[in-house]
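# Structural description and commentary
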Amino acid sequence: MVIAIGNDHAGTNYKFEIVKHLEHKGFTVLNFGTDTTDSMDYPDTIHLVANAVENNKATFGIILCGSGNGAQITANKHQKIRAALCWNNELVELARLHNDANILSIPARFVSLHQALHFVDIFLNTSFEGGRHQKRVAKIPIKCN
């Protein structure tokens, strides 16, 4: 499985650890994030992750910024993306179970590295339930005129 990852300067250290974690588990990782802690604009990397997921170059995406908000908002501008900002285990699980989230947004300044790694595992090991949730997920994207 291919995972796309992107981050701004606030998520760089966590990104390195998540990449190691994923590669140790046998995943292929597309790293679109910055590798420095120099200030940069998160949309520059987050759009690349969303494009990779949207165009089936990656199965899932993981994005990180300080609050997770900017990254999540940016990713969700893409029609086929359902990015979920998660800060606890239950939210991660529900994002996959009920919303078929395909990108996990992690608030690097508000969770520990241990939590972030656990979120990644939950996200990748939880399947979409479908059923009653499928019709709701189908109503999310809209066509812009």
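Residues numbered from 1 in each chain as written. Predicted model: local features only at pLDDT ≥ 70, side-chain atom pairs only at ≥ 80, totals over all residues. Heavy atoms only, no water.

## Things to note about helix H5 (residues 113–125)
Rules: Put simply, DSSP marks the helices as runs of H or I at least four residues long and the strands as runs of E at least two long, and each gets a number from the N terminus on. For a helix, the expected span equals 1.5 Å multiplied by the residue count minus one. When accessible area is computed with a 1.4 Å probe and restricted to protein chains, residues below 20% of their type maximum are described as buried, those above 50% as exposed, and intermediate ones as partly exposed. Residues are treated as being in contact if the distance between any of their heavy atoms lies within 4.5 Å.
With 13 residues, H5 extends 18 Å between its outermost C-alpha atoms, agreeing within 8% with the 18 Å of an ideal straight helix rising 1.5 Å per residue. Those residues of H5 that sit buried are Ala 116, Leu 117, Phe 119, Val 120, Asp 121, Ile 122, Phe 123 and Leu 124. Considering only its buried residues, H5 is in contact with strand S1 (2–7), helix H1 (12–24), strand S3 (60–65), helix H4 (89–99) and strand S5 (103–107).

## Some thoughts on the nonpolar core
We apply this condition: Throughout this description, the term nonpolar core refers to a set of buried Ala, Val, Leu, Ile, Met, Phe, Trp, Tyr and Cys residues connected via side-chain atoms within 4.5 Å.
Counting residues in each nonpolar core, the largest one holds 27 residues, and the members touching the most others are Ile 18, Leu 22, Ile 62, Leu 104, Ile 106, Val 120 and Leu 124. At the level of secondary structure, the elements contributing two or more residues to this core comprise S1, H1, S3, H4, S5 and H5. Not counting residues up to four positions away in its chain, the partners in contact with Leu 104 are Gly 61, Ile 62, Ile 63, Ala 84, Cys 86, Val 92, Phe 119, Val 120 and Phe 123. Grouped together as the second largest cluster of nonpolar side chains are 14 residues, Ala 58, Ile 63, Ala 75 and Ile 81 included.

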